[in-house]
Amino acid sequence: MDSHVFAVIVGIDQYKSGDIWNLEACVDDAKSMKRWLVDDLGVPKHQIAMLLNERATKQNIEVTLNTHLLNNSRIQKGDAILIYFAGHGSTLKAPHDWLLEKNLHCNVEVLCTYDHDTKGPEGRIAGISARAMHTFIHDLAKLKGNNITLMLDSCFTSPPPRSRERSCIRWTSTSKAAAEDLYRGQHFCPRLQKRNESFYSRHWTTHTIITACKSGATAFEGKEGGKLTSAFLETMRTAPLHDTAFSDLMEEIRERMGEAQSLHCSGIHPDRLFNAIPFTQDHSYIPLHFHSHKGVRIELGSSHGIEKGRELSLHAHNHVGSRNPAIASFIVQQVNPTWCLGRIKSSSFLPNHCWARVSHSPGAGLSYLGLRKAFRALLHSATLHKLAQPVSQSVSILAIKSSKSELIETAEAILASKPLFAPLMK
C-alpha cells in the first residue's frame, strides 16, 4: 500500500542572477529530505516532486505545486502534504495597493526562485511571496485538508553589515525586481488585503509552518547543511515519531540547533508529525503472545522458514518510519507449521507489548524446503477444487477438505505467503 504522504521539495544553490550570492548546501538538504521520506517513511518516489537549481524557476515551482498537489486526484483529503524549500529568502517593498489601509509601508517576504530578480518575458521575476504561497495553500487545504506542512530553510532578514558569515546566510537582497512584479506568476496574489502576510504569521488554520529562524533573525548553513534541516533530520531519525508529541519534536530540534539560531513554528500544531499519517503498522513485525504455561508464542512457523534455535530481535513497537531499536531477542525452541514457542533473552524489563522482527535477508523468511514440505502434505491430504489464477500469479484455494487442523493451518500459512510462493511455482 502506498504511503499517504506527498511532497514538493525545492533546493537551490546556484542562482541565475550574477548579483545573488550562491549557496552550497541547499541541494544536499533537499536530497536528504527526499532520502528520509523514501528510506525512513516508505514514501514512493513518484509521490515526491523535487526541483533543484535551474529547474526551480518560479514558473516550474508554481506549475509543480498545482499538478503534483492541488490537481492530483491520488491525494485524498487528510493525506499528509509537505512543501519544503531550501534557498535564499528576500524582501521587496510592497506595492501601493498591497494593503487596504493607505499610507502604510511594509516589506514583502519572498522565496527566491532560481530566476529571482532576473528579467522574464513579462517583466522582472520577484520570487514567490508569502501572500501568494499562503493563498495557494488556502486553496490546497480546501481540496485536500489541512494536514499540510510548509518547511522553509531560509530567512528574510539581512545580516549585519560586513558580516564575516555573509556567505553562509540564506538571504539575498533584491535590487532589480519592482513591487508590481510581485503580482506576476501562475499563482494568484490578491491586492488590497487587511494584513501583510508573513511566513512568521501565527493565525494560519490551513497548515503548519516551520521556518529556520524567528522573525528578524538569520538562517545559516554549514558543512552539515542548513541548521534547520540537519537538526530536523537528526531528530526524525532518533525519535519514536509515532509516539512523540509534535511540540516535543520541535523542542528537540531547537536544542540541536543551539542558541545562535532558533526555529519558528506556527499555524496548526498537530498531535504528531504529519498527523501520524506515515506511521502505519509494519507487517514484518510479529506480536509476541505471553502464556503462563506454554511460554512465549509467535505466529510464525516452519512454513515461514522458522527453525529451532533461530534468534529474532524484539522491538517496542511495529510502526513504519519511527525509531525502533532492538530491546531483546527471542530464541526459538519449539516449531510448528504456523507458530513457534521460545524464550526471551533480555537483560532488562520488557514492556507488556513487543514485536519480533522478521528478516528478509537470504536464508531467512520463507524457506523453500519448509514450503515444499508443507505444500506436499497439503496436496496429499486436501482437495484443491480450483486454481483461480495462473501459477505465475497467486494461488487461490477455494475449498479444503481435511479433518486435520494442522493441515488447515499449513494451507492457511501457504495462502498467507502466496506473494513469496508464486516464484517457486514457475
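Because the structure is a prediction, the values reported are computed rather than measured. Throughout this description, residue numbers start from 1 for each chain and increase along the sequence as written. Restriction of local features to residues with pLDDT of at least 70 applies here, the model being predicted, together with a cutoff of 80 or more for giving and counting side-chain atom pairs; totals for whole chains, interfaces and linings are based on all residues. Hydrogens and water are ignored here; the side-chain numbers use all heavy atoms of the structure.

Digging into the pattern of salt bridges
Next up, step 1: We define a salt bridge as a contact between a side-chain nitrogen of Lys or Arg and a carboxyl oxygen of Asp or Glu at a distance within 4 Å. With the rule as written, the count across this model stands at 14 salt bridges.
Next up, step 2: For arginine 191, the salt bridge is made with aspartate 97, and the minimal N-O distance between the two is 2.7 Å. Taken together, the residues arginine 191 in the loop between β9 (148–153) and β10 (208–211) and aspartate 97 in the loop between β4 (89–93) and β5 (107–111) connect sequence positions 94 residues apart.
Next up, step 3: With a 1.4 Å probe rolled over the protein chains alone, any residue whose accessible area is under 20% of its type maximum counts as buried; one over 50% counts as exposed, and the rest are partly exposed. By relative accessible area, arginine 191 is classed as partly exposed at 38%.
Next up, step 4: The closest approach of N and O atoms between aspartate 153 and arginine 170, which form a salt bridge, is 3.3 Å. The way it works is that DSSP assigns letters per residue, a run of H or I at least four long becomes a helix, a run of E at least two long becomes a strand, and they are numbered from the N terminus.

Quick look at the packing of helix α4 (residues 227–236) against helix α5 (residues 246–257)
When two helices pack together, their arrangement is given by the angle between the helix axes and by the axis-to-axis distance.
Next up, step 1: Look at α4 against α5: their axes get within 9 Å of each other, and the N-to-C directions meet at 125°. Put simply, α4 runs oblique to α5. Two packed elements cross with a definite hand, and for α4 against α5 that hand is right-handed. Along the contact surface, α4 presents Lys227, Leu228, Ala231, Phe232, Glu234, Thr235 and Met236, while α5 presents Leu249, Glu252, Ile253, Arg256 and Met257. Helix axes use the C-alpha atoms of the stretch in contact, all axes being lines fitted to C-alpha atoms, and the angles between their N-to-C directions lie in the range 0 to 180 degrees. Just so you know how the angles are binned, under 35 degrees is roughly parallel, over 145 roughly antiparallel, 65 to 115 roughly perpendicular, and the rest oblique. Should the near helix be turned anticlockwise from the far one by less than a right angle, the crossing is left-handed, and should it be turned clockwise, the crossing is right-handed. The contact definition used throughout considers only heavy atoms, calling two residues in contact when any of these lie within 4.5 Å.

With respect to empty space enclosed by the protein
Next up, step 1: Put plainly, a pocket is an open set of points on a 1 Å grid over the protein atoms alone with protein on both sides within 12 Å along at least five of seven lines, a cavity is a set where a 1.4 Å probe fits but cannot get out, and a lining residue has an atom within 4 Å of a point. Grid points are joined across faces, edges and corners, and a volume is the space filled by probe spheres set on the points. Evaluation of the coordinates by the stated rule reveals 2 cavities of 30 Å³ or more.
Next up, step 2: A volume near 60 Å³ is recorded for the largest cavity.
Next up, step 3: Every residue along the wall of the largest cavity is listed here: Val8, Val10, Ile61, Ile83, Tyr84, Phe85, Leu111, Thr113, Ile128 and Met133.
Next up, step 4: Broken down by secondary-structure element, the contributors of at least two residues to the lining of the largest cavity are β1 (5–11) and β3 (80–86).
Next up, step 5: At 3 residues, the largest contribution of residues to the lining of the largest cavity is made by β3.
Next up, step 6: Residues were grouped as follows: Ala, Val, Leu, Ile, Met, Phe, Trp, Tyr, Cys and Pro as nonpolar; Asp, Glu, Lys and Arg as charged; and all remaining residues, including Gly, as polar. For the lining of the largest cavity, the residue count by class is 9 nonpolar, 1 polar and no charged.
Next up, step 7: Of the voids in this model, the second largest cavity is the one considered here, and its volume is about 40 Å³.
Next up, step 8: Residue lining of the second largest cavity: Lys58, Glu62, Gly127, Ile128, Ser129, Ala132, Leu182, Tyr183, Arg184, Gly185, His187 and Cys189, and that is the complete set.

Thoughts on the sheet that holds β5
Next up, step 1: With antiparallel pairing, the 3 strands of this open sheet are ordered in space as β4-β5-β8. Every other strand in the sheet has two partners, leaving β4 and β8 (128–129) as the edge strands with one partner each.
Next up, step 2: Pairing of β5 with β8, which is carried by 2 bridges, proceeds in the antiparallel orientation. Looking at β8, one finds that leucine 111 is bridged to isoleucine 128. Pairs of strands are assigned from DSSP output, requiring at least two bridges between the strands.

Let's talk about helix α3 (residues 130–144)
Next up, step 1: Given the number of residues in a helix, its expected span is that number minus one, multiplied by 1.5 Å. In a regular helix each residue adds 1.5 Å, so 15 residues correspond to 21 Å; α3 covers 20 Å between its end C-alpha atoms and thus fits that length.
Next up, step 2: With respect to burial, α3 is a largely interior element, 11 of its 15 residues being buried.
Next up, step 3: By the burial criterion, the buried members of α3 are Ala130, Arg131, Ala132, Met133, His134, Thr135, Phe136, Ile137, Leu140, Ala141 and Lys144.
Next up, step 4: Of the surrounding secondary structure, the elements contacted by the buried residues of α3 are α2 (58–70), β3, β5, β8, β9 and β10.
Next up, step 5: Within two residues after α3, glycine 145 carries a phi angle of roughly 90°, on the positive side.

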